[in-house]
Every structure is written in C-alpha cells, then in structure tokens.
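What follows is each chain in one-letter form.
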Amino acid sequence: MCLGIPGQIIEINDTNDKLATVSIGGVKRQINIACIVDEEHPPQSCVGEWVLVHVGFAMNRINEKEAAETLELLEEMAELMVDY
Amino acid sequence: MKYVDEFRDNYKCEALLWQIGKLSHMIGRPLKIMEVCGGHTHSIFKYGIEEILPNTIELIHGPGCPVCVMPKGRLDDVISIAENSNVILTTFGDAMRVPGSKDSLLQARAKGADIRMVYSPLDCLQIAQDNPEKEVVFFCIGFETTAPSTALTILQAAAEKISNFSMFCNHVLVIPALKALLNNPDLQLDGFIGPGHVSMVIGTQPYEFISQEYHKPVVVSGFEPVDILQSIWMLLWQFLEKRCEVENQYNRLVTETGNHQALEAINRVFEIRETFEWRGLGEIPHSGLKIRSEYAQFDAEKKFTIPYFTVADHKACQCGEILKGVLKPWECKVFGTACTPENPIGACMVSSEGACAAYYKYGRLSQIRNAERSIPEKLIK
Ligand code: SF4
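If you look chain A up in an unreviewed UniProt entry, it shows as Hydrogenase assembly protein HupF from Mastigocoleus testarum BC008. Per UniProt, chain A has the following entry under Sequence similarities (unreviewed entry): "Belongs to the HupF/HypC family."

K.L.:
How should I be thinking about the overall build of chain A in this particular structure?
P.N.:
Each helix and strand counted, chain A has one helix and five strands in total. In sequence order, chain A lays out its α and β elements as β-β-β-β-β-α. For chain A, whose C-alpha radius of gyration is 16 Å, the value lies well above the compact-globule estimate of 12 Å for 84 residues. Each principal axis of the C-alpha atoms in chain A carries an extent, and together these give about 55 × 30 × 25 Å. As presented, chain A carries roughly 4200 Å² of accessible surface, and 47% of it is formed by carbon and sulfur atoms. Within chain A, one finds 5 positive and 15 negative side-chain charges whose respective centroids are separated by 11 Å.

K.L.:
Sorry if this is basic, but what is going on with helix H1 (residues 10–27) of chain B here?
P.N.:
Side chains three or four residues apart in an α-helix point the same way, a direct result of the helix having 3.6 residues per turn. All names here are of chain B. In a regular helix each residue adds 1.5 Å, so 18 residues correspond to 26 Å; H1 covers 25 Å between its end C-alpha atoms and thus fits that length. Burial in H1 covers these residues: Lys12, Cys13, Ala15, Leu16, Leu17, Trp18, Gln19, Ile20, Gly21, Leu23, Ser24 and Ile27. Among the residues trailing H1, Gly28 stands out with phi positive, at a value near 65 degrees.

K.L.:
Help me understand the interface of chain A and chain B in this model?
P.N.:
How big an interface is tends to be stated in terms of the accessible area lost upon association of its parts. The interface is formed by 42 residues belonging to chain A together with 52 residues belonging to chain B. Regarding the contact of chain A and chain B, the summed buried area is about 4200 Å², with carbon and sulfur atoms giving 70% of it. It is Met1, Cys2 and Met81 of chain A that lose the most area in chain A upon contact with chain B, and together they represent 19% of the buried surface on that side. In this structure, the connection of chain A to chain B is made through two salt bridges. One salt bridge connects Lys2 of chain B with Glu64 of chain A, and the closest N-O pair in it is separated by 2.9 Å. In this structure, the connection of chain A to chain B is made through 17 residue pairs in polar contact (both at pLDDT 80 or more).

K.L.:
Looking at this structure, I do not really get the site of the ligand. What am I missing?
P.N.:
Residue and element names in this part refer to chain B. Taken together, the neighbourhood of the ligand is formed by Cys317, Gln318, Cys319, Ile322, Cys332, Val334, Phe335, Cys339, Gly346, Cys348, Met349 and Cys356. Judged by its atoms lying within 2 Å of the grid points, the ligand is housed in the largest cavity. Classifying every residue of the shell around the ligand gives 10 nonpolar, two polar and no charged.

K.L.:
What is the right way to look at empty space enclosed by the protein in this model?
P.N.:
Rolling a probe over the atoms, with the probe sized like a water molecule, indicates the empty space that remains. All names here are of chain B. Enumeration according to the criterion identifies three cavities of 30 Å³ or more in this entry. Taken as a whole, the largest cavity encloses approximately 80 Å³ of empty space. Contributing to the lining of the largest cavity are 13 residues, with Cys317, Cys319, Cys332, Cys339 and Cys356 lying nearest its centre. Among the residues forming the lining of the largest cavity, the class breakdown is 11 nonpolar, two polar and no charged. Thr41, His61, Gly62, Gly64, Cys65, Cys68, Ile322, Leu323, Glu353, Gly354 and Ala355 together form the lining of the second largest cavity. Elements represented by at least two residues in the lining of the second largest cavity include exactly strand S2 (57–64) and helix H14 (319–324). Considered class by class, the residues forming the lining of the second largest cavity number five nonpolar, five polar and one charged.

K.L.:
Looking at this structure, I do not really get the sheet that holds strand S5 (residues 135–142) of chain B. What am I missing?
P.N.:
Residue and element names in this part refer to chain B. Taking strand neighbours across the sheet as the criterion, the four strands line up as S4-S3-S5-S6 in an open arrangement whose pairing is parallel. The open sheet terminates on both sides in strands that have one partner only, identified here as strand S4 (115–117) and strand S6 (165–171). Adjacent strand axes in the sheet meet at a mean angle of 25 degrees when their direction is disregarded. Taken together, the three bridges between strand S3 (residues 87–91) and S4 define a ladder with parallel strand orientation. The residue bridging Thr90 from the neighbouring strand is Arg116, located in S4.

K.L.:
Is there a simple way to think about the state of the cysteines in this case?
P.N.:
Think of a disulfide as a covalent bridge from one cysteine sulfur atom to another cysteine sulfur atom. Residues and elements named next belong to chain B. Across all of its chains, the model carries zero disulfides over all chains by this definition. Distance from the sulfur of Cys124, which forms no disulfide, to the nearest cysteine sulfur (Cys140) is 9.5 Å. Overall, the relative accessible area of 0% leaves Cys124 in the buried class.

K.L.:
Is there a simple way to explain the packing of helix H1 (residues 64–83) of chain A against helix H11 (residues 225–240) of chain B in this structure?
P.N.:
A pair of packed helices is captured by two measures, namely the crossing angle of their axes and the spacing between those axes. The interhelical angle for the contact between H1 of chain A and H11 of chain B, taken along N-to-C directions, is 75 degrees, at an axis separation of 12 Å. As judged from the angle between their axes, H1 of chain A and H11 of chain B are roughly perpendicular. Where H1 of chain A approaches H11 of chain B, its residues Thr70, Leu73, Leu74 and Met77 of chain A are matched on the opposing element by Val226, Gln230 and Trp233 of chain B. Split into classes, the residues belonging to the contact of H1 of chain A with H11 of chain B amount to five nonpolar, two polar and no charged.

Reading the values: the criteria
- Residues numbered from 1 in each chain as written.
- Chains lettered and ligands numbered in written order.
- Predicted model: local features only at pLDDT ≥ 70, side-chain atom pairs only at ≥ 80, totals over all residues.
- Heavy atoms only, no water.
- UniProt positions renumbered as here; feature names shortened; annotations may be inferred.
- Helix = DSSP H or I, 4+ residues; strand = E, 2+ residues; numbered from the N terminus.
- Rg over C-alpha atoms; globule rule 2.2 N^0.38 Å.
- Areas by Shrake-Rupley, 256 points an atom, 1.4 Å probe, with all protein chains shown as cover.
- Lys, Arg positive; Asp, Glu negative; His and termini not counted.
- Charge placed at Lys NZ, Arg CZ, Asp CG, Glu CD.
- Expected span 1.5 Å × (residues − 1).
- Buried < 20%, exposed > 50% of the residue type's maximum accessible area, 1.4 Å probe, protein only.
- Contact = heavy atoms within 4.5 Å.
- Buried area = accessible area lost by both parts, 1.4 Å probe.
- Salt bridge = Lys/Arg side-chain N within 4 Å of Asp/Glu carboxyl O.
- Polar contact = N/O pair within 3.5 Å; in protein donor to acceptor, adjacent residues only side chain to side chain.
- Near = heavy atom within 4 Å.
- 1 Å grid on protein atoms, 1.4 Å probe; cavity = no way out; pocket = protein on both sides within 12 Å on 5 of 7 lines; lining within 4 Å.
- Sits in = over half its atoms within 2 Å of the grid points.
- Nonpolar A, V, L, I, M, F, W, Y, C, P; charged D, E, K, R; others polar.
- Points joined across faces, edges and corners; volume = space filled by probe spheres on them.
- Pairing = 2+ DSSP bridges.
- Axes fitted to C-alpha atoms, helices over the stretch in contact; angles between N-to-C directions.
- Disulfide = S-S within 2.5 Å.
- Parallel < 35°, antiparallel > 145°, perpendicular 65-115°, else oblique.

Structure (structure tokens):
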C-alpha cells in the first residue's frame, strides 16, 4: 500500500495545477508535483529530476548524491569480500 | 531501471550477507527484529530474505499494512454508503478484497453497487465532474505516505468547487500504533526496521522516542533487497556496539524532518481523531485522521448517515497476535485451512502485504525456521 516507484520528470504540463509527465521505466504518466515544489523549486526546475511516485503524486525528490554514496559503500564492501 | 536495479544487485546482497553472518556470530545471541511496514514484509517474502539470514535473526512482521488493520465495521459502513443508488464509490485496488462482516467491496459490486477502482485519488475528481447527478465518495485508506495525496485532492476539490465529491476517511498513523505495540508487555523485540515511505513524509525524527524511551534501535529502510539487508546490517552494528539510535538507510529519499509541503497539506485538511479502531489491535488513541470542519462538505461522515457498525473479529482469528509479533501465522488454527487468500477470515490473509498471505503464498505452510537456513557456506568462513 505504501509502495512507490522511481520516475524521472520529463515535462511540466501545467504550472498552476502542478502537473508533470514522468517516465517510469519508459512508460509515461501524468502526476501531481505539489509536494516537491515551493519558491525555491519552481515547477520548471523539476524537469530531469528523479522522484518517488505514489498514487499519482511525486512524494519526494530522490537525492542523487546520497544514493551514489550508499552504493559506493556497498561496492567497497563487495570488493572486500573478493579479497577475503 | 535506475534506483531499482542497483538496489537489487546480487553481488551487493552477497557482500551484505557475508557481513551480517560475521556480525551475528560476534553478537552471539538470537535477535528479533520487527519490520513495521507491510511493504517490507512483501519484499522480504518476495526475495526470500528470511531464508538467507543467519538463523539467529528472526523477523517479526508488524502492523504496517493499512488494509490489514481496517476494522470490519468500517468496511460495513462503507458498503452501506455504496448501497445508495446515487453513489459512485471509489477506492484503491488494495481495498477491494478486504472482508467486512458480510461482504467485501468486490462482492458488494457484484451485487450491483457502483464501485470503481482508481489509481490516484485525483481520478475521483474527474469521475465527479463526469457524473454531476451522482455523489462520488472516495473510501480512503493509508498511512502518512498516502495522506498528503488525499489532502491535496480535497484542496483541489475545494478550489474547483466540486460539490458532489466526498471522502470516507480512514487514514491511520504509524507512530501511535508503534507506541501501542511498545507498551505491550508480551512484545519481545530487539529493534525495528522503520517504514521508508511513511518516513519520507514524516522524517526520521518522530522515531527518536523509540530509541530514547524504549531503548530499541531503529533503522529506516528502503524496499529493495539491498536496502533491507543493509538496514539489518546497520542494526547489527548497533547491537554489537551497544548503541541505540535512529539511523537512516534510505537517505536517498528520507530526511530528518520529512517533506514540509506534504506535512502542511495533511495539517491543513486533517486533524487527529481521539481514537481509532485497528483490526486485531483494538482502539488506539490518536491513531487516525479525520477531515477538519472547514472541509466538512467533503467529509462523507458528515454527508451520509453512517451506521458505525462495530463487529468483533472472528473468534478463531489471531491476526492481533500476528500483528503484535507474538504468534507466527502457522500457529493460527485456521491458517491455510479455513483461512486462505480466496476465503480470508482475517485481514492478514487479504493483502499481499499481510503476514499470513505472504506465508501462504510463498509456501511456508507449516515450516518453522530450521538449521539449514543459514547463509551459504562459502560466505561464513
Ligand atoms: S490465518 Fe487467517 S485467521 Fe489466522 S491469523 Fe492469519 S489471517 Fe487471521
């Protein structure tokens, strides 16, 4: 029920109603982006961003840097296992 | 797919299992870890994570499935709304099969009620506009993850002055349920895997009381197998170093303070109920949301006469004990016999996120964890 899926915003459709098109693994879908826009992040700035999509809404941005750091740590751990 | 495949990678899973094996050996005592969220329960079974963990680690499947905890009475109430001939009832697919005392929504639909599944609550506004002579009622369920979307839907309905739309609100809150669980003297737990998507809305900060007052560590986790294994690994480090903190494995989505716009939408539209009933767990104070009086015109509880049925759970059903982690599904007398996904007696059998359905579906009919279920030998060393 609480599941969500990552998608990339490819186009803003309506700045007033805060509607955007995301691509979810190649499939396009219109979603509401009200939860991720404010003065600092106007709708137009969201194009290209990765978000988590839940019941037709972008619920948060995915933080690229944090994801990369987590993966790097795990890669290091995996290399350690090979050396072992 | 980006942000999915990397977190399903075999190689990283093996490395984590290898570390988990070493750490659990060093800790040298059995550990009980509860995954609160039904989404985690589902992933754990889907990827066979329980099977590959060292057998000193036991996962307890918590109450975090909004469908599983929906009391029968609320289901009967919503069916009574749907039986009005001028009503179109809409809901998420997950809610369709939950048994009420007589029928599920699916059965009520078969008997002629106009019940439609929607992907997003916003879809209901379209249905309302397309059917001006009907009343569209959204049966809304879900935790904090889903509440922002329904709040924003009400705000949009208000902005567009849609008058034939309302919601029957059944949102529940994770933190009060965790408090109720932690106050239960039967509960024996060493730590928690915290719900990732609830936390993306509320942040990690609301869990601090668990580490501070109840002295149990929490790691907020993502839903892919690498996420879950990494969270277990992080918990094991805490046990080993005798730390007790709230940590965040899912930092690509979760922050300490959550999503402010989402929280603001919830607070504008909803307020906390004095108490709300959870199937299997009973009444839990301050654990549900209702629509604020400013938005009463969108509140189905104000628009319709609700019978407020109260229906006791089936006598044989031990969902409550399962949800508290006191019993395992196969310990329930009717598991897999009178109670199956086709004919669920209790709610844990209804949704694929319920513990009983997961055990049933993935063939753990009577199996109790056994010794061979430790990690592959080459990884132990
Ligand atoms: S087997 Fe059925 S009745 Fe028993 S606890 Fe599970 S869902 Fe409830």
